[in-house]
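# Geometric and topological summary
Residues per chain, in single letters:
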Amino acid sequence: ATPARSRPSPSTRGRFPGLQRFPYLSILFLCDFMLAFAGNIMGEPGYVFVLGLIVWLLYERGWFKSEEPKRWACVGALAGFIVLLRSIGFVAPIALFLELALTRRWRAALWFSLGTAAAVLPFTLYLVTHIGQVSFYSSYWALRMQGGVLAALAGALQSSHLYLKGLTCLTAFYLPAWASPTGVLEYAFMAAGLVLFCAGAWMGRRSSLHRVLAYYCLGHFMVIAGYVYQAPRYVVPMLPAFVFLCLEGLRRIVPERFHSRALVTAAILALATNAPGLLQTVRTSLHQPLVVPHAAYDWLKAHAGPEDRVVSMD
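All of the points below concern the structure found in this document. (Residues numbered from 1 in each chain as written. Predicted model: local features only at pLDDT ≥ 70, side-chain atom pairs only at ≥ 80, totals over all residues. Heavy atoms only, no water.)

### Points about the overall build of the protein
A tally of helices and strands in the protein yields 13 helices and zero strands. Along its sequence from the N terminus, the protein presents helices and strands in the succession α-α-α-α-α-α-α-α-α-α-α-α-α. Against the 2.2 N^0.38 benchmark of 20 Å for 314 residues, the protein shows a C-alpha radius of gyration of 22 Å, consistent with a compact globule. Its C-alpha atoms put the protein at 70 × 60 × 45 Å along the principal axes. Taken over 314 residues, the protein has a buried fraction of 40%. Summarising the internal contacts of the protein: among those between residues at least 6 apart in sequence, 75% fall at separations of at least 24. Summing over all exposed atoms, the protein offers an accessible surface of approximately 18,100 Å²; the carbon and sulfur share of this is 68%. Averaging the locations of the 26 positively and 13 negatively charged side chains of the protein gives two centres separated by 12 Å. (Helix = DSSP H or I, 4+ residues; strand = E, 2+ residues; numbered from the N terminus. Rg over C-alpha atoms; globule rule 2.2 N^0.38 Å. Buried < 20%, exposed > 50% of the residue type's maximum accessible area, 1.4 Å probe, protein only. Contact = heavy atoms within 4.5 Å. Areas by Shrake-Rupley, 256 points an atom, 1.4 Å probe, with all protein chains shown as cover. Lys, Arg positive; Asp, Glu negative; His and termini not counted. Charge placed at Lys NZ, Arg CZ, Asp CG, Glu CD.)

### Some words on the pattern of salt bridges
In total, this model carries eight salt bridges according to the counting rule given. Of the charged contacts in the structure, one is a salt bridge between E67 and R105, with a shortest N-O distance of 2.8 Å. Here E67 is found in the loop between helix 3 (44-60) and helix 4 (69-85), whereas its partner R105 is found in the loop between helix 5 (91-102) and helix 6 (106-131), with 38 residues between them in sequence. A salt bridge links E99 to R211, with the nearest nitrogen and oxygen atoms 2.6 Å apart. Residue E99 is located in helix 5, and its partner R211 is located in helix 10 (residues 208-226); the two are separated by 112 residues in the primary sequence. Here E99 falls in the buried class, since its relative accessible area comes to 0%. Here the salt bridges share partners, and the residues they tie into one network are R15, E248 and R251. (Salt bridge = Lys/Arg side-chain N within 4 Å of Asp/Glu carboxyl O.)

### Details of unusual backbone geometry
The phi torsion of most residues other than glycine is negative, and most of the peptide bonds are trans. Positive phi, close to 60 degrees, is recorded for R104, a residue that is not glycine. Relative to the elements of secondary structure, R104 occurs in the loop between helix 5 and helix 6. On the basis of relative accessible area, R104 is assigned to the exposed category, the value being 66%.

### What about the packing of helix 10 against helix 11 (residues 239-253)?
Two elements in contact, helix 10 and helix 11, have axes whose closest approach is 10 Å; the angle formed by their N-to-C orientations is 125 degrees. Relative to helix 11, the element helix 10 is oriented oblique. For the pair helix 10 and helix 11, the crossing hand works out as left-handed. In contact with L209, H210, L213, A214, Y216 and C217 of helix 10, helix 11 contributes A241, F242, F244, L245, E248 and R252. The residue inventory of the contact of helix 10 with helix 11, partitioned by class, reads nine nonpolar, one polar and two charged. (Axes fitted to C-alpha atoms, helices over the stretch in contact; angles between N-to-C directions. Parallel < 35°, antiparallel > 145°, perpendicular 65-115°, else oblique. Left-handed = near helix turned anticlockwise from the far one by under 90°. Nonpolar A, V, L, I, M, F, W, Y, C, P; charged D, E, K, R; others polar.)

### Some points on the packing of aromatic side chains
Per the stated rule, a full pass over the model turns up 17 aromatic pairs. Between Y59 and F64, the ring centres sit 5.4 Å apart and the planes meet at 25 degrees, which makes this aromatic pair stacked. Each member of the pair Y59 and F64 is classed as buried. Ring geometry for Y227 and Y234: centres 6.0 Å apart, planes at 65 degrees, overall edge-to-face. Lying across the ring of F64, R105 places its NZ or CZ 5.0 Å from the centre. It is R251 that lies over the ring of F16; its NZ or CZ is 4.8 Å from the centre. (Phe/Tyr/Trp six-rings, centres within 6.5 Å; stacked < 30°, edge-to-face > 60°. Lys NZ or Arg CZ within 6 Å of the ring centre and 35° of its normal.)

### Re a nonpolar patch on the surface
Taken together, F81, L84, F123 and Y126 make up a surface patch of nonpolar side chains, about 370 Å² in accessible area. If you list the elements that add at least two residues to the nonpolar patch, you get helix 4 and helix 6. The residue F81 is located in helix 4 in this model. Judged by its relative accessible area of 41%, F81 falls in the partly exposed class. (Patch = residues over 30% accessible without salt bridge, like charges linked within 9 Å, V, L, I, M, F, W, Y side chains within 5 Å.)

Quick look at the structure:
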């Protein structure tokens with residue numbers, strides 16, 4: 001007899017059964033912070049899409065339980081493509097490799113690594129050949145250490161505060177719509193976000209999905225906290241995973257019979273605080289004329305020759 005095929009582990013939406021799925025999806029997608037980035041000609045929208053595709057393939061389609069080399073090479077190539085989109089994307093393949101290594105999935109880890117290397121190494125070798133570095137950003141990391149270790153730690157703490165405040169007060173839940181996120185209110189929301197995230201990660205520690213997303217979030221946060229420059233867009237690739245783990249934490253803390261009510265309440269609060277920004281973004285998008293700056297291209301057309309090489313950091 002052929003053994004019954006095991007059911008794939010549910011992906012993130014599968015963790016929210018029935019009507020609970022709609023509050024979860026509304027919190028993810030009806031967020032003005034994310035919507036404002038959706039149409040940008042930047043790496044973040046593609047980054048979030050490919051990361052979601054990887055999670056879907058692994059946990060909705062059941063690829064994580066597979067030992068087929070081609071599947072793991074494909075996932076590795078997708079993870080490598082994230083690195084090409086944004087250098088900080090290297091935390092995604094590291095999180096997945098860590099999960100495979102800790103669960104002793106060495107065959108899967110090998111093919112995953114080969115797929116990642118196939119995507120990343122050609123461009124890395126190009127950089128080493130042309131600029132003598134494996135990344136454009138080496139010099140930027142050196143700036144963090146210019147004032148010594150204590151100054152670097154102080155800068156990292158300041159950035160940690162900035163990004164944690166953003167994740168908990170200025171994104172899925174946009175606190176300024178109701179009150180200025182300062183003082184006790186600010187720290188209360190930051191503490192609540194941390195508690196929910198830790199609860200979701202810890203109580204889901206037996207789930208590979210939760211472990212991978214927790215590794216990813218922690219790694220991403222440490223990198224942006226340590227980086228010398230600050231920008232809101234740095235948290236965009238982390239926000240969906242952070243929201244998922246926070247909502248999982250909410251469901252772990254609240255008694256099961258109140259799960260749906262808790263999620264609906266969270267969705268109503270999130271939408272109520274995001275509604276003004278969402279309306280403004282949509283209104284601007286529909287009425288603002290399309291302007292494409294072209295001064296740089298005009299300059300190149302006037303000054304560059306056929307034999308010239310144009311190099312851009314990004």
